[in-house]
Amino acid sequence: MKVKDAQFFTVVSSFLNVYLVKNRSCSSNTVKSYEDALNLLFTFLEGTKDIPRQRVSWSHFTRQNIQEFVDWLEKVRNCSRQTQLQRLAANTVLRDVSAINGFLNFVIRKGFTAYKIPPKSMPKEVRNFRAYIFTDTEIEKMLDSADHFLYACKPGKKVPRFQ
């Protein structure tokens with residue numbers, strides 16, 4: 001099947017092979033991640049909008065399509081009930097959406113019209129950080145051991161000076 005908008009695929013190729021590699025010095029893994037995110041977008045358009053990859057063009061980068069893609073990503077990628085997997089899935093969705101947004105930024109800078117995902121509507125990163133609060137005794141032990149650290153060095157060795 002013939003490609004509908006050759007210019008579109010030229011820009012996609014330029015984004016992946018020139019901009020990311022040469023201008024931003026991205027690793028091959030990062031470029032692969034961007035490529036995977038774009039393939040997910042094409043899969044979404046193909047599966048839910050009946051738009052074959054060869055027919056994708058600038059006209060498909062509408063607000064509605066991009067927002068439906070983000071919703072689709074959250075449903076497809078966030079299907080596990082286990083907390084660890086949910087966190088991983090949510091961060092994967094965020095990574096994919098960020099990659100698509102990076103591509104859309106590039107497209108807009110090139111002078112094409114495309115809908116860019118507003119930062120406030122981006123999926124939120126899930127963080128499971130829990131601060132540990134030391135007891136007074138633990139703090140006292142750490143400070144005491146730090147006071148005696150310099151004396152634990154072997155004689156004749158240079159002692160580093162910290163300021």
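Provided above is the structure to which this section pertains.
Undergrad: Please explain the nonpolar core as it appears in this structure.
TA: Side chains of a nonpolar character, in soluble globular proteins, are inclined to be buried together. Core analysis: the largest hydrophobic core is formed by 37 residues, its most contacted members being Phe8, Phe15, Leu16, Leu20, Leu38, Phe61 and Phe103. For this core, the elements supplying multiple residues, two or more each, are helix H1 (6–23), helix H2 (28–49), helix H3 (63–77) and helix H4 (83–109). Ranked by residues supplied to this core, first place goes to H2 with nine residues. Other than its neighbours up to four places away in sequence, leucine 38 contacts Val12, Phe15, Leu16, Ile100 and Phe103.

Undergrad: It is not clear to me how a negative patch on the surface should be interpreted in this structure. Could you clarify?
TA: Together, Asp136, Glu140, Asp144 and Asp147 make up a negatively charged patch on the protein surface. As for its position among the elements, aspartate 136 is in helix H5 (residues 136–147).

Undergrad: Can you walk me through the pattern of salt bridges in this structure?
TA: Any two side chains of opposite charge can pair if their charged atoms end up close together. Under the defined criterion, the tally for this structure stands at three salt bridges. Measuring nitrogen to oxygen at the nearest pair gives 2.9 Å for the salt bridge that ties lysine 32 to aspartate 36. With a gap of four residues between them, lysine 32 and aspartate 36 both fall in helix H2, about one helical turn apart. Overall, the relative accessible area of 45% leaves lysine 32 in the partly exposed class. Taking the shortest distance from any N to any O, the salt bridge between glutamate 46 and arginine 53 comes out at 3.3 Å.

About the cut-offs
Numbers given for residues are sequential positions, taken from 1 along each chain in its written order. Totals for whole chains, interfaces and linings use all residues, but because this is a predicted model, local features are given only for residues with pLDDT of at least 70 and pairs of side-chain atoms are given and counted only at 80 or more. Calculated side-chain values reflect all of the structure's heavy atoms, with hydrogen atoms and water omitted. By nonpolar core we mean a set of buried residues, namely Ala, Val, Leu, Ile, Met, Phe, Trp, Tyr and Cys, connected to one another through side-chain atoms within 4.5 Å. Summary of the burial criterion: residues with accessible area below 20% of their type's maximum are buried, those above 50% are exposed, and those between are partly exposed, where the area comes from a 1.4 Å probe applied to protein chains only. Under the DSSP-based scheme used, a helix requires at least four consecutive residues in state H or I and a strand at least two consecutive residues in state E, with every element numbered from the N terminus. Should any heavy atoms of two residues lie within 4.5 Å, those residues are counted as being in contact. What goes into a patch is any residue over 30% in relative accessible area without a salt bridge, connected to like charges within 9 Å or, for nonpolar side chains (Val, Leu, Ile, Met, Phe, Trp, Tyr), within 5 Å. Note on areas: these come from Shrake-Rupley sampling with a 1.4 Å probe, and a residue is covered only by the protein chains present in the view. One speaks of a salt bridge when a side-chain nitrogen belonging to Lys or Arg is within 4 Å of a carboxyl oxygen belonging to Asp or Glu. Residues counted as positive are Lys and Arg, residues counted as negative are Asp and Glu, and His and the chain ends are not counted. Charged side chains are reduced to one point each, which is NZ for Lys, CZ for Arg, CG for Asp and CD for Glu.

Honestly, that's just the spatial picture; any functional story needs more than this.
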